[in-house]
Amino acid sequence: MKFNIDMEITVKQMMQIEENGHQMGFFRKLMMENAGAITTRHIVERYPDLRSVKIFVFAGLGNNGGDAFVVARHIAAFDGNPTVVLLGNPDKIKTEEANSNWKILEKMNSINLIITSDPSKIMLDADVIVDGILGTGIYGKIREPYSSAIDLINKSNAFKLSVDVPSGLDPDTGIVHDKCVKADLTITYHKMKIGMPKGQDMCGTIVVEKIGIPPEAEIGVLS
Ligand SMILES: NC(=O)C1=CN([C@@H]2O[C@H](COP(=O)(O)OP(=O)(O)OC[C@H]3O[C@@H](n4cnc5c(N)ncnc54)[C@H](O)[C@@H]3O)[C@@H](O)[C@H]2O)[C@H](O)CC1
Ligand SMILES: [K+]
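Read on for an overview of the structure. All figures in this text were calculated on a predicted structure; none of them were measured in a lab.

1. Overview of the coordination of the potassium ion (ligand 2)
For the potassium ion (ligand 2), the full set of protein donor atoms is Asn64 (OD1), Asp131 (O), Leu134 (O), Val163 (O), Val165 (O) and Ser167 (OG), and the range of their distances to it is 2.5 to 3.1 Å. One way to put it: the six donor atoms around the potassium ion (ligand 2) meet at angles of 67 to 173°, and that makes the site irregular.

Shown next as structure tokens:
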């Protein structure tokens, strides 16, 4: 069997591959764990001593936010003390896998949690910002509180790492319809999303990382 390793894929194809992997028993929660773990490695590579680095992790209520929760936990495991900014009500976290990762953060003293629907009031004195607000689930104009969070992040001089996709970029077209986090580095999962190279000014450096999805999950989608 041949698999195309360099292919760029659409959001729809990614969702089908993710669903196939999940049905094979490689559950979304495991994908999320691998995504968060590998993303953290990129931070540690740049900042080997996380104890002295001020890291803010912005999270939305979807699975992009779930990945960001995992990043925060792994940062803490590397002796960092990140601040996680949850943009909305924890009761409104959309999926079981994201919610279970949030619940772990609630038990961690090494992580400072901010729950807010008005991020404009945050004193953002960050060295590193992790952008887990919106990923492949984006549609339409950016609504609050995500919109204010994107403005706040873009005002900062911190190093900005976007989880999967810069929040605000349409991964299928590379177009910013409204506003978007301007990232220095974007770690995208499994395969390059087809629009991202066109939106490279927003993505910064793009790195594709595998998150353990079996290649067989691509059968019927890419081959
Ligand atoms: N592809 C994989 O194998 C994996 C991807 N993971 C991560 O999951 C996200 C996609 O997660 P999803 O929950 O589908 O979507 P988002 O988190 O991007 O969005 C969630 C939520 O946000 C709301 N929303 C959409 N558009 C807007 C807007 N313009 N303004 C405000 N709010 C908006 C809407 O309600 C959505 O439901 C992917 O990017 C990866 O990071 C998984 O970890 C598993 C592996
Ligand atoms: K993002």
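2. Observations concerning the pattern of salt bridges
Oppositely charged side chains can pair when the atoms bearing their charge come close. Scanning the model with the defined rule gives ten salt bridges in all. Residue glutamate 18 pairs with arginine 28 through a salt bridge whose shortest N-O separation is 2.6 Å. Here the residue glutamate 18 occupies a position in helix α1 (residues 11-23), and arginine 28 occupies one in helix α2 (residues 28-46), the gap between them amounting to ten residues. Its salt-bridge partner being lysine 103, residue glutamate 106 comes within 3.7 Å of it at the nearest N-O pair. Here glutamate 106 pairs with lysine 103, and both are found in helix α4 (residues 96-106), just three residues apart, close to one helical turn. Within the structure, one salt-bridge network assembled from shared partners comprises Glu18, Glu19 and Arg28.

3. So, helix α3 (residues 63-77)
When the terminal C-alpha atoms of α3 are compared, their 21 Å separation across 15 residues agrees well with the 21 Å that a helix rising 1.5 Å per residue should span. Burial of α3 is extensive: 13 of the 15 residues sit out of reach of the surface. Following α3 by one or two positions, aspartate 79 adopts a phi angle in the positive range, close to 75°.

4. Observations regarding the layout of surface pockets
The calculated volume of the largest pocket comes to roughly 830 Å³. Residue assignment for the lining of the largest pocket shows that the elements contributing at least two residues are α1, α2 and α3. Looking at which element gives the most residues to the lining of the largest pocket, the answer is α2, with four residues. For the lining of the largest pocket, the residue count by class is 16 nonpolar, eight polar and ten charged.

5. Overview of the nonpolar core
Membership of the largest hydrophobic core comes to 62 residues, with the highest contact counts inside it found for Ile55, Phe58, Phe69 and Ile133. The element that contributes the greatest number of residues to this core is α3, accounting for seven residues. Membership of the second largest hydrophobic core comes to eight residues, among which are Val165, Met192, Cys203 and Ile206.

6. Describing the environment of lysine 182
Counting through the fold element by element, lysine 182 comes out in the loop between β5 (159-163) and β6 (185-189). Sequence spacing of lysine 182 and threonine 10 is 172 residues, and the spatial spacing of their C-alpha atoms is 21 Å. Here aspartate 201 takes part through its backbone oxygen, which lies 2.9 Å from a polar atom of the side chain of lysine 182.

7. Considering unusual backbone geometry
For the bond running from glutamate 144 to proline 145, omega is 5°, close enough to zero to count as cis. Along the chain, proline 145 falls in the loop between β4 (128-132) and α5 (146-155). Its identity is not glycine, yet aspartate 79 carries a phi of approximately 75°, on the positive side. Tracing the backbone shows aspartate 79 in the loop between α3 and β2 (83-87). In this structure, histidine 190 is a non-glycine residue whose phi angle is positive, near 75°. The residue histidine 190 is located in the loop between β6 and α6 (200-203) in this model. Owing to a relative accessible area of 3%, histidine 190 belongs among the buried residues under this scheme.

8. A look at the site of ligand 1
Near ligand 1 lie 23 residues; those nearest to it are Asn64, Asp67, Gly135, Tyr139 and Asp164. In the model, an oxygen atom of ligand 1 is placed 2.4 Å from a nitrogen or oxygen of the aspartate 67 side chain. Here an oxygen atom of ligand 1 sits 2.9 Å away from a polar atom, N or O, in the main chain of glycine 137. Bound to the protein, ligand 1 loses 89% of the 860 Å² it would expose on its own. Because more than half of its atoms lie within 2 Å of the grid, ligand 1 is assigned to the largest pocket. Residue contributions to the shell around ligand 1 peak at three residues, all from α3. Considered class by class, the residues forming the shell around ligand 1 number ten nonpolar, seven polar and six charged.

Rules of the game
Residues numbered from 1 in each chain as written. Chains lettered and ligands numbered in written order. Predicted model: local features only at pLDDT ≥ 70, side-chain atom pairs only at ≥ 80, totals over all residues. Heavy atoms only, no water. Donors = N, O, S within 2.8 Å, 3.2 Å for Na, K, Ca; no water. Tetrahedral: all angles 85-135°; square planar, octahedral: opposite > 155°, others 65-115°. Salt bridge = Lys/Arg side-chain N within 4 Å of Asp/Glu carboxyl O. Helix = DSSP H or I, 4+ residues; strand = E, 2+ residues; numbered from the N terminus. Expected span 1.5 Å × (residues − 1). Buried < 20%, exposed > 50% of the residue type's maximum accessible area, 1.4 Å probe, protein only. 1 Å grid on protein atoms, 1.4 Å probe; cavity = no way out; pocket = protein on both sides within 12 Å on 5 of 7 lines; lining within 4 Å. Points joined across faces, edges and corners; volume = space filled by probe spheres on them. Nonpolar A, V, L, I, M, F, W, Y, C, P; charged D, E, K, R; others polar. Core = buried A, V, L, I, M, F, W, Y, C linked by side-chain atoms within 4.5 Å. Polar contact = N/O pair within 3.5 Å; in protein donor to acceptor, adjacent residues only side chain to side chain. Near = heavy atom within 4 Å. Areas by Shrake-Rupley, 256 points an atom, 1.4 Å probe, with all protein chains shown as cover. Sits in = over half its atoms within 2 Å of the grid points.

Without other data, these values stay purely geometric and don't point to any function.
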